[in-house]
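# Observations on chain architecture
Residues per chain, in single letters:
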Amino acid sequence: MGTCRQEPWRKVLWLGDMKKKVFVTVGTQLPFDRLVEAVDKWCEHRTGIEVIAQTGNSSYVPRNFASQAFMHPEETAQLLANADVVFSHAGMGTIIQRIECGRPILVLARAARLNEHRNDHQLDTLRRLSHHPLVIPIKDESDLDCAYVRSLRLNSGQGTPLRTSQALLESIRSFCK
């Protein structure tokens, strides 16, 4: 994993400096229609947000935000570093990269019972990391708003401190091996 790069937000992707910048990522291996559709529906009645998503091979096409199937890793890293809010699957690389930025990440795990993955390792990962102050578990699709508000509070300094020790990050990496 690389270190977090705090670069200016690219105007090409995000219009309007006053809007909250939201990035949605499902990773590159499997589709995750449930997350993409949940965020799309969540956006229907929201103002003051700009959303862009990396949707992988998801078949659901969002109506309320821009999306593309895949992005260059550097573009993904920039979006992870600079987004006000990130909705994500429980992929370790994504979670660690966002934690390295000292920013919260909202995580919905794929579930084997819903045929979203071959097993429940994402649920196990989320359970294991849910104690981390920057990892905000999303229990189900109805939990997006609460997770969003919690994330904004953390970003504004009203929540838990945002510092993460290198020892903790190394511990998480070794757990994944």
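It should be noted that the structure appears before, not after, this text.
Now for a quick tour of the structure. Just so it is clear, the structure is predicted and the values come from calculations on it, not from any experiment.

## What to know about the packing of helix H1 (residues 33-43) against helix H5 (residues 144-155)
The packing of two helices is summarised by the inter-axis angle and the distance between the axes. Where H1 contacts H5, the axes come no closer than 11 Å and their chain directions differ by 75 degrees. Taken together, the axis directions place H1 and H5 in an arrangement best described as roughly perpendicular. Residues Ala38, Val39 and Trp42 of H1 form the contact with H5, whose own contacting residues are Leu144, Asp145 and Tyr148. Taken together, the residues that form the contact of H1 with H5 break down as 5 nonpolar, no polar and 1 charged.

## Description of unusual backbone geometry
Even without being a glycine, asparagine 115 presents a positive backbone phi close to 60 degrees. Relative to the assigned elements, asparagine 115 resides in the loop between strand S5 (105-107) and helix H4 (121-129).

## A look at the packing of aromatic side chains
Considering all chains together, one arrives at 2 aromatic pairs under this definition. Ring geometry for tryptophan 42 versus phenylalanine 87: centroids 5.3 Å apart, planes at 65 degrees, classification edge-to-face. Pair noted here: tryptophan 42 is in helix H1 and phenylalanine 87 is in strand S4 (residues 85-88), with a separation of 45 residues, a long-range link. With respect to class, tryptophan 42 is no different from phenylalanine 87; both count as buried. When the centroid spacing of 4.8 Å and the interplanar angle of 65 degrees are considered together, the rings of tryptophan 42 and tyrosine 148 count as edge-to-face. With tryptophan 42 in helix H1 and tyrosine 148 in helix H5, this residue pair connects regions lying 106 residues apart in the sequence. The class of tyrosine 148 is buried, set by a relative accessible area of 10%. Three or more aromatic residues joined by ring pairs form one cluster here, namely Trp42, Phe87 and Tyr148.

## A closer look at the pairing of strand S1 (residues 20-25)
For S1, a buried count of 5 out of 6 residues is recorded, marking the element as mostly surrounded by other parts of the structure. Where S1 and strand S2 (residues 49-54) come together, 6 bridges link them in parallel fashion. Following the sheet pairing, lysine 21 is matched in S2 by glutamate 50. What joins S1 to S2 is H1, and the crossover it makes is right-handed. Taken together, the 4 bridges between S1 and S4 define a ladder with parallel strand orientation.

## Side note on the environment of valine 39
Within the secondary structure, valine 39 is located in helix H1. Among the residues examined, valine 39 registers a relative accessible area of 0% and is labelled buried. Residues valine 39 and glutamate 141, 102 residues apart in the sequence, show an inter-C-alpha distance of 8.2 Å.

## Thoughts on the pattern of salt bridges
Per the counting criterion, the structure on display carries 8 salt bridges. Residue lysine 19 pairs with glutamate 50 through a salt bridge whose shortest N-O separation is 3.2 Å. Note that lysine 19 is positioned in the segment before S1 and glutamate 50 in strand S2, a separation of 31 residues in sequence. Residue classification places glutamate 50 among the partly exposed residues on the basis of a relative accessible area of 21%. Connected via shared salt-bridge partners are Arg34, Glu116 and Glu141.

## Regarding the environment of serine 142
Structurally, serine 142 can be placed in the loop between strand S6 (135-137) and H5. Reaching out from serine 142, the side chain makes a polar contact with the side chain of aspartate 140 at a distance of 2.4 Å.

## Here's the deal with the layout of surface pockets
Here the second largest pocket defines a volume of roughly 210 Å³. The element that contributes the greatest number of residues to the lining of the second largest pocket is H4, accounting for 3 residues. Class assignment for the residues of the lining of the second largest pocket results in 7 nonpolar, 1 polar and 5 charged.

Reading guide: rules and limits
Residues numbered from 1 in each chain as written. Predicted model: local features only at pLDDT ≥ 70, side-chain atom pairs only at ≥ 80, totals over all residues. Heavy atoms only, no water. Axes fitted to C-alpha atoms, helices over the stretch in contact; angles between N-to-C directions. Helix = DSSP H or I, 4+ residues; strand = E, 2+ residues; numbered from the N terminus. Parallel < 35°, antiparallel > 145°, perpendicular 65-115°, else oblique. Contact = heavy atoms within 4.5 Å. Nonpolar A, V, L, I, M, F, W, Y, C, P; charged D, E, K, R; others polar. Phe/Tyr/Trp six-rings, centres within 6.5 Å; stacked < 30°, edge-to-face > 60°. Buried < 20%, exposed > 50% of the residue type's maximum accessible area, 1.4 Å probe, protein only. Pairing = 2+ DSSP bridges. Right-handed = clockwise from strand over helix to strand, strands pointing away. Salt bridge = Lys/Arg side-chain N within 4 Å of Asp/Glu carboxyl O. Polar contact = N/O pair within 3.5 Å; in protein donor to acceptor, adjacent residues only side chain to side chain. 1 Å grid on protein atoms, 1.4 Å probe; cavity = no way out; pocket = protein on both sides within 12 Å on 5 of 7 lines; lining within 4 Å. Points joined across faces, edges and corners; volume = space filled by probe spheres on them.

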